[in-house]
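# Inside the fold
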2 protein chains.
Amino acid sequence: MPDTANTDFKITTGPISGSKKVYVRSENDPSVRVPMREIHLHPTANEVPVRVYDTSGPYTDPTAEIDIYKGLPELRKEWILARGDVEEYEGRDMKPEDNGNVEDKYLAPEFPVKKRPLKAKEGMNVTQMHYARKGIVTPEMEFVAVRENLGRKIQAEKLERSGESFGAEIPDYITGEFVRSEIARGRAVLVNNVNHPESEPQIIGRNFLVKINANIGNSAVSSSIAEEVDKMVWATRWGADTVMDLSTGRNIHNTREWIIRNSPVPIGTVPIYQALEKVDGIAEDLTWEIYRDTLIEQCEQGVDYFTIHAGVRLPFIHLTAKRVTGIVSRGGSIMAKWCLAHHKESFLYTHFEDICKILKQYDVAFSLGDGLRPGSIADANDEAQFAELRTLGELTKIAWEHDVQVFIEGPGHVPMHKIKENMEEQLKHCHEAPFYTLGPLTTDIAPGYDHITSAIGAAQIGWYGTAMLCYVTPKEHLGLPDRDDVKEGVITYKLAAHAADLAKGHPASQIRDDALSRARFEFRWEDQFNLSLDPDRARDFHDQTLPKEAHKVAHFCSMCGPKFCSMKITQDVRDYAAKKEEAETGMKQMSEEFAKRGADLYLPADEVEAAE
Amino acid sequence: MPDTANTDFKITTGPISGSKKVYVRSENDPSVRVPMREIHLHPTANEVPVRVYDTSGPYTDPTAEIDIYKGLPELRKEWILARGDVEEYEGRDMKPEDNGNVEDKYLAPEFPVKKRPLKAKEGMNVTQMHYARKGIVTPEMEFVAVRENLGRKIQAEKLERSGESFGAEIPDYITGEFVRSEIARGRAVLVNNVNHPESEPQIIGRNFLVKINANIGNSAVSSSIAEEVDKMVWATRWGADTVMDLSTGRNIHNTREWIIRNSPVPIGTVPIYQALEKVDGIAEDLTWEIYRDTLIEQCEQGVDYFTIHAGVRLPFIHLTAKRVTGIVSRGGSIMAKWCLAHHKESFLYTHFEDICKILKQYDVAFSLGDGLRPGSIADANDEAQFAELRTLGELTKIAWEHDVQVFIEGPGHVPMHKIKENMEEQLKHCHEAPFYTLGPLTTDIAPGYDHITSAIGAAQIGWYGTAMLCYVTPKEHLGLPDRDDVKEGVITYKLAAHAADLAKGHPASQIRDDALSRARFEFRWEDQFNLSLDPDRARDFHDQTLPKEAHKVAHFCSMCGPKFCSMKITQDVRDYAAKKEEAETGMKQMSEEFAKRGADLYLPADEVEAAE
């Protein structure tokens, strides 16, 4: 057993209130078994259970055996090996600098299980994009297709589509072939490093459900491995589709290993953060060799996507000089500092093809970073930002020549009237590669509430076509998010993403709203709680005013009290409408009868009685 | 002294952190002295203080003497009397039914100070709209003009305007004459009952700052007078522009009196709630006479605007029968029930002109209620909703014939792609009368987070032209908001309204964002906290990670730590850019020199040296 001083894990397991984990098997590939969360409704509802997207992995399956010291089962291992294009190898030796040269009691324990990494055999390319372009529908793609449909066939009769899609083309049903074609043309990304077989395939693209990312990670001033693993499990419990480990302190390597081995969702990182730690925080001491070594280290561990700020080019840096908030991206400023110190073009830009050659051996995706994103309303949509964006578009084409998957990061701080331009410029210059934005925050004046300020922007840009929304927590600009902040951020972004799905006209998205609204209308309180994004909070808030168990079956609520209830009146309205319809039907029959008899207003006397 | 059992007031007074109350005197009318909040910045900022809109009244003025048992000073009394068109009169006698027939210890204490009410002298009309149409700029209008400018003249050089206004026409500076003209044409409303002289004039209209309303009020199952007065003071402290007292329990009359006498902002109510209490909760027992008496009761107390669901007409009721959530408006369902029970047109509709005749004697504004608003995504923008909206437009014209001020209430639950249609239909059918919306909520699935779900919709509809946003608290659909919920709702809506102001291109709105962003960039932590919408939370969140006092002057934060900071790098960038500019200026001089010499690429040999 490892030293547990730093790894006293207290993670949350078990189903979310009112729901259970189900597995839906693909009709096309019996090896594909997709987890979903099924929310059961009260028998009086007389409705099928509502299936919702489930990012929580085995942690919410009571039959699963969870052991943080062993990691999750390797769900995808067989699929990866069956393709015959990867091989195990010795891998890079761990170096003291990987953990920031910490020693003795400061060194966090290594993950107990050691595995030899996989990589592509000589000359092979193991990216999902590569398979897609060869016309192969992989089990991962089939998995994604089943997952995205959310069992919507059961609800087929309810598929009324409305919405303004701004050019997105979401089909009624997702097939493996559709997933393949979207990946092939670069419009969607299926991130799954061959060294992270524990992760469940998911897809990021404009023609799929809008995804969200949660950031976690230690910093030089705070937090431990146990806390970070807990945040990862907690974030995925509430709906994080991917998690970024943005650790910047010591023990980066070991922290990441614990996270990846236990993560059911893809993990992203910003490798320059670790590279900087390896040169003791001095940006100008960074070299391509150190960076390259860090990439390989992380590819071998199983990181699924890398934020790489290769668009922060020397000629763009002076464009930020007159900004109110200069360069606010950490990675962007590291690279800017390096470029200025050496008066040289960024090594991320000059070595971009070398990076592609590494990434395609593991199927790690590019998240092309927006190092020059605006950090304030004043700096939104300026030339620095858009010059970088156009460069990211050029780099996308180079990555695609290597069949390496790409998505593009976006801002930041943007007032509402400038959000749409961001999406339009991104679509235009980045060839429809998926957009992945941080917010954007629509004002600068609400620290402590920036999850909300940014959800306003996130919902809009998600509607316009952004494929993944990076959450912002209430601690943004103020401190590192704790467990509560992580949940607040995740739920806030789940609702923003859902608002976007609804507005885009996603065919399955309104099923849950309608089920919840019916429950609300019929005073099925437990159903209302369970269908909500956060049943625990909904129940707790209800109980603060009306704590008694009996009130959860009461046909009233604390807003109006028992004596009067607007919901109750609707039955009267329905009775009335039924009568009215009956009356109108009667009149309609009469007038049809009349019409049949022709336009004669005066009937022959002998027919008057018969007509009555 | 009254019985204080139920009135043990614990309200919050004193300035908001880092700021002080200032009073700006009008240049045109020395009797007009407008309160603002001035946020002082650290001397190193070398910036003028930032003035922000201040709804908190005397409570944040340390020199003011606050006595809840006496009420606030009568700021407007002299202006009202100086016009010579009102007179004191005996007023209606209070009846036991006004407080729901409660007795003895259940009866809440009356407000200790009794005043004789004012109303218009025979044949007079005392509405601000009436004065506006006669070309009179009242002190109230002048007050509003100074208030809306937020001292922006001081910052004149910073007035760069961008934004998409969707037809709003906000001038660079607001004058009393502009306020008058907007009120005269019905595009803005200045609500100030002559019997609520304690309130500070403010304006609701598309060409002014977006306003927010906070709902408070007891219900049959919860809360006391002291709690409701506290919520009112608390809500206005954080920025509520108006407060609606939606009490539905007992002691409605007395509760309201304590609130109005102590409120620096206009108070709105839904009179049908109290009328229903008077008939013991039985909707079909309502009569025009009982309702009329309730209106007069509330006009005399000083309620500034009434939600009146006069658009819930008999012929529209059956349109709601097939809805997922029927009629969710409490007032709407009361009237629907009445109409069905009697199979008669609503008395609010048939007596609309009678209501106008009452309201113009006190200057109470109509908030024409949307009794048929959608209560779920499924019901948004349906025929029931829009049939009612068109009726509200007809009623607006009738009210305007009496010079009675009007605004129009809007939904509700609306997915993002259907929000804009709401604004467009409202502008079209309601003749630009100000729109006042509840959210709208953009999904149904987030009880516990509905302040956020609705802020997404509120920011958008505010941008499109809605003049006032009715807050939604985290307790929406679940229970009555407590003090914390009230603050969460108010701050959330302040940021949504601000996001809308920015996007509309309001000329003064970005001043605060820019000041905060500069403070952020320069690590002026205290300035950053104080410029935020909630300094207390911002400071608290910061201290959770870095509690030491020293960290508040530290040039780093918990996100990156002391060793590396993206903000620090910008100084390097600026130095570099300065050098680059210098170099470019050199080159530019060279090329200008060259241009002067004409297009001759080959200079005569004797000039080559001179050109170097």
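Residues numbered from 1 in each chain as written. Chains lettered and ligands numbered in written order. Predicted model: local features only at pLDDT ≥ 70, side-chain atom pairs only at ≥ 80, totals over all residues. Heavy atoms only, no water.

- The name that an unreviewed UniProt entry assigns to chain A is Phosphomethylpyrimidine synthase, with the source organism given as Kordiimonas lacus.
- Recorded under Catalytic activity (unreviewed entry), the UniProt text for chain A is reproduced unchanged: "5-amino-1-(5-phospho-beta-D-ribosyl)imidazole + S-adenosyl-L-methionine = 4-amino-2-methyl-5-(phosphooxymethyl)pyrimidine + CO + 5'-deoxyadenosine + formate + L-methionine + 3 H(+)".
- Recorded in UniProt under Subunit (unreviewed entry), the annotation for chain A is "Homodimer." (UniProt positions renumbered as here; feature names shortened; annotations may be inferred.)

### Focus: the side chain of B:T396
Residues and elements named next belong to chain B.
- Examined against the element boundaries, T396 turns out to sit in helix α13 (residues 383-401).
- When its relative accessible area of 0% is taken as the criterion, T396 is described as buried.
- Excluding residues that lie within four positions of it along the chain, T396 makes contacts with L368, V406, I408, C430, H431 and A433. (Helix = DSSP H or I, 4+ residues; strand = E, 2+ residues; numbered from the N terminus. Buried < 20%, exposed > 50% of the residue type's maximum accessible area, 1.4 Å probe, protein only. Contact = heavy atoms within 4.5 Å.)

### Here we look at the pairing of strand β12 (residues 365-368) of chain B
Residue and element names in this part refer to chain B.
- Neither face of β12 is exposed, since A365 and S367 on one face and F366 and L368 on the opposite face are all buried.
- For strand β11 (residues 305-308) and β12, the ladder comprises four bridges, and the chain directions are parallel. From the neighbouring strand, Y305 faces β12, where its bridge partner is A365.
- Sheet analysis places β12 next to strand β13 (residues 406-410), joined by three bridges and oriented parallel. Following the sheet pairing, F366 is matched in β13 by V406.
- Following the backbone out of β12, through α13 and into the adjacent parallel β13, one traces a crossover that is right-handed. (Pairing = 2+ DSSP bridges. Right-handed = clockwise from strand over helix to strand, strands pointing away.)

### Digging into the UniProt feature "domain: ThiC-associated" (unreviewed entry) in chain A
- Residues given the UniProt feature "domain: ThiC-associated" (unreviewed entry) here are residues 16-87 of chain A.
- This span, residues 16-87 of chain A, is 8% helix and 26% strand, and a straight line between its end C-alpha atoms measures 39 Å.

### Focus: the sheet that holds strand β1 (residues 19-25) of chain B
All names here are of chain B.
- On the basis of which strands lie adjacent, the open sheet formed by three strands has the order β1-β2-β3 and antiparallel pairing. Among the strands making up the open sheet, the edge pair consists of β1 and β3 (50-52). Between one strand axis and the next, the sheet turns by 40 degrees as a mean value, whatever way the strands run.
- Note that strand β2 (residues 33-39) and β3 share three bridges and pair antiparallel. (Axes fitted to C-alpha atoms, helices over the stretch in contact; angles between N-to-C directions.)

### Comments concerning the UniProt feature "binding site: Zn(2+)" (unreviewed entry) in chain A
- When the UniProt feature table is mapped onto this chain numbering, "binding site: Zn(2+)" (unreviewed entry) sits at A:H413 and A:H477. For the annotated residues, spread through 65 residues, the largest C-alpha to C-alpha distance comes to 12.1 Å, consistent with a single compact locus.
- When you line up the elements, A:H413 lands in the loop between β13 (406-410) and α14 (419-429).
- For A:H413, the residues in contact, after removing those within four places along its chain, are A:P374, A:G375, A:S376, A:I377, A:A380, A:L441, A:T443, A:D444, A:H477 and B:R520.
- A distance of 3.4 Å separates a polar side-chain atom of A:H413 from the backbone oxygen of A:G375.
- Within the secondary structure, A:H477 sits in the loop between β15 (468-470) and α16 (483-504). (Polar contact = N/O pair within 3.5 Å; in protein donor to acceptor, adjacent residues only side chain to side chain.)

### What to know about the packing of helix α8 (residues 288-301) of chain B against helix α12 (residues 352-359) of chain B
All names here are of chain B.
- Running from N to C, α8 and α12 cross one another at 20 degrees; their axes reach a closest spacing of 10 Å. With respect to α12, the axis of α8 lies roughly parallel. As α8 runs across α12, the sense of the crossing is right-handed. Contact residues: α8 offers W288, Y291, R292, L295, I296 and C299, while α12 offers D354, I355 and I358. (Parallel < 35°, antiparallel > 145°, perpendicular 65-115°, else oblique. Left-handed = near helix turned anticlockwise from the far one by under 90°.)

### Let's talk about the domain arrangement of chain A
- Entries for chain A in the domain assignment read domain 1 (19-509) and domain 2 (566-607).
- The C-alpha-based centres of domain 1 of chain A and domain 2 of chain A are spaced at 60 Å. (Domains from an automatic or database assignment.)

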